[in-house]
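Chains, contacts and geometry: an overview
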Amino acid sequence: MNNLLRHYAETLEALASQDLLRKLPAAAQAEPLARRMDFSGNDYLGLASRQELVDAAQEAGRLYGAGSTGSRLLSGNTPLHEAFEARIAQDKGSEAALIFTSGYQANAACIAALLDQHTLGSEPLVFADRLNHASMHLGCALAEARQVRYRHLDLEHLAELLEKHKADKRPKFILSETVFGMDGDRADVVALQELSLAHGALLYLDEAHATGLFGPRGYGLTEALDLAPTTFVMGTLSKAVGVSGGYVACARVLRDYIVNKAGGFIFSTAPSPLVVGAALRAWEMLPGLSAQREQLQENAAWLRASLGLAGFNTGTSSTHIVPVILGDADRTLRAKARLAELGITVSAVRPPTVPQGTSRLRLGLSAAHSREDLAALVEAMKGL
Ligand SMILES: Cc1ncc(COP(=O)(O)O)c(C=O)c1O
């Protein structure tokens, strides 16, 4: 093999030897049974395949075309993008909002811009939950900002660290997910905002796994929060909203700053009208899906209890994301393969996505799953 290519091949070989090699799963099955017993996705409300969304995409395409043709700052801005942002701001209770092509891009672009040392006049001091998503770390890395990690969800630890750095004059930031994607547990957003205000810090919250699922009308754990101008909320349109993309809801000055300074917004083509049309339709449907939200959380509680009785460790989950922590990567892969033989699809999550020794099956529940589906899953798990 060519010498240069050998580096990449050797990296893959090393991953394989530690059971950490990633491979694309077989293309998703279209059959109803396979879909029903699929716990590997994030389509928590079953919206991804709803006809209303497909129709809305078609209508948006008819009006604005399939592609947005350029960055929002050049040719890609449409009334649809602006209407969606106005709606997001209204529902999140923020002054302004902005959408992105993906949640990953939103985090990387916004965090990097917010932590920019030229803008701040000094290095930022970033306090981050230890289990934050990779895209949040990327934002910090792009800004070359060192993170002070606090123990997962441990706000006493965060408060201690903030206290310790009280006299430090550097601009402070706190970064956290609201529902954690790999553990299914929740941050106390009220306490986080209080802490951020007490210490003059900007609070950045990622609602990727909460959007559509929590809050009085389904707009996330921050929906009921009286957002401070220094609380910056991000979320995705790719999980419960069922389409793709990311959004941020924040003070107008921060939105205008992102439009001017975030490379991932400025130098990237605006989201396609097809995607925006479908996501806006889904967003409008969220308040009407309270019964599905309730059922989903009841189902999740039942599943956690049943798995607990069967001796499985579901960690600190209190939501529709239920990890089954098996510890060892090899054991996790074998469990996933065994379930696949029984027609059940789950994700095997291994380091570096989760910490060493906490490899797990990640069960993502959907409103489309019935109690019978979950009972069949528990029976299959018992046989592992
Ligand atoms: C917490 C969190 N933030 C951001 C993202 C990225 O969102 P997207 O998939 O829309 O790029 C994810 C996706 O897994 C996530 O779990």
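Remember, predicted model here, so these are calculated numbers, not experimental data. (Residues numbered from 1 in each chain as written. Predicted model: local features only at pLDDT ≥ 70, side-chain atom pairs only at ≥ 80, totals over all residues. Heavy atoms only, no water.)

**Comments concerning the sheet that holds strand E2 (residues 125-129)**
Taken together, seven strands build an open sheet; the order of strands is E1-E7-E6-E5-E4-E2-E3 and the sheet is mixed. Either end of the sheet is taken by a strand with one partner, and the two such strands are strand E1 (96-100) and strand E3 (147-150). Within the sheet, the average angular offset between the axes of one strand and its neighbour, ignoring direction, is 20°. With five bridges connecting them, E1 and strand E7 (residues 246-250) associate as antiparallel partners. Within E7, the position partnered with Ala97 by the bridge is Ala249. On the sheet, helix H10 (residues 252-261) packs against E1, strand E5 (202-206), strand E6 (231-236) and E7 and is oriented at approximately 30° with respect to E1. (Pairing = 2+ DSSP bridges. Helix = DSSP H or I, 4+ residues; strand = E, 2+ residues; numbered from the N terminus. Axes fitted to C-alpha atoms, helices over the stretch in contact; angles between N-to-C directions. Contact = heavy atoms within 4.5 Å.)

**Things to note about the side chain of Thr222**
With respect to the helices, strands and loops of the structure, Thr222 is situated in the loop between E5 and E6. A relative accessible area of 0% means that Thr222 is categorised as buried. Beyond its immediate chain neighbours, meaning those up to four positions away, Thr222 contacts Lys92, Thr178, Val189, Leu205, Glu207, Leu227 and Val233. (Buried < 20%, exposed > 50% of the residue type's maximum accessible area, 1.4 Å probe, protein only.)

**Observations regarding the pairing of strand E10 (residues 359-364)**
Of all six residues making up E10, six are buried, and the element is well covered by its neighbours. Because side chains alternate across E10, one face comprises the buried residues Ser359, Leu361 and Leu363, and the other comprises Arg360, Arg362 and Gly364, equally buried. Relative to E10, strand E8 (residues 321-327) is paired through six bridges, and the arrangement is antiparallel. Note that in E10 the partner of Pro323 across the bridge is Arg362. Summarising the sheet, strand E9 (residues 347-349) and E10 pair through three bridges and their orientation is antiparallel. What sits directly across from Ala348, in E10, is Leu361.

**Side note on the packing of helix H13 (residues 290-309) against helix H15 (residues 371-382)**
In the contact formed by H13 and H15, the axes pass within 10 Å of each other and the chain directions differ by 20°. Judged by the inter-axis angle, H13 sits roughly parallel to H15. Judged by the twist between their axes, the crossing of H13 over H15 is right-handed. Along its contact with H13, which presents Gln295, Glu298, Asn299, Trp302, Leu303, Ser306 and Leu307, the element H15 presents Arg371, Leu374, Ala375, Leu377, Val378 and Met381. Considered class by class, the residues forming the contact of H13 with H15 number eight nonpolar, three polar and two charged. (Parallel < 35°, antiparallel > 145°, perpendicular 65-115°, else oblique. Left-handed = near helix turned anticlockwise from the far one by under 90°. Nonpolar A, V, L, I, M, F, W, Y, C, P; charged D, E, K, R; others polar.)

**Thoughts on the site of the ligand**
Around the ligand, the surrounding shell holds 14 residues, and the nearest of these are Tyr104, Asp206, His209, Ser238 and Lys239. At 2.9 Å, a backbone N or O of Tyr104 approaches an oxygen atom of the ligand. For the ligand, a nitrogen atom lies 2.6 Å from a polar atom in the side chain of Asp206. Protein coverage of the free-state accessible area of the ligand, which is 390 Å², stands at 83%. Of the residues forming the shell around the ligand, the biggest block, three residues, is contributed by helix H5 (residues 103-114). Residues belonging to the shell around the ligand are distributed by class as follows: two nonpolar, nine polar and three charged. (Near = heavy atom within 4 Å. Polar contact = N/O pair within 3.5 Å; in protein donor to acceptor, adjacent residues only side chain to side chain. Areas by Shrake-Rupley, 256 points an atom, 1.4 Å probe, with all protein chains shown as cover.)

**Overview of the domain arrangement of the protein chain**
Often the size quoted for an interface is simply the accessible area lost on bringing the parts together. Here the protein chain is partitioned into domain 1 (22-49 + 289-382) and domain 2 (51-287). Here the C-alpha centre of domain 2 lies 26 Å away from the C-alpha centre of domain 1. Carbon and sulfur atoms make up 55% of the surface buried where domain 1 meets domain 2, a total of about 2000 Å² over both sides. Where domain 1 touches domain 2, the interface holds one salt bridge. Asp183 is the salt-bridge partner of Arg360, the closest N and O atoms lying 3.1 Å from each other. In terms of residue class, the side of domain 1 that touches domain 2 is built from eleven nonpolar, ten polar and four charged. (Domains from an automatic or database assignment. Buried area = accessible area lost by both parts, 1.4 Å probe. Salt bridge = Lys/Arg side-chain N within 4 Å of Asp/Glu carboxyl O.)

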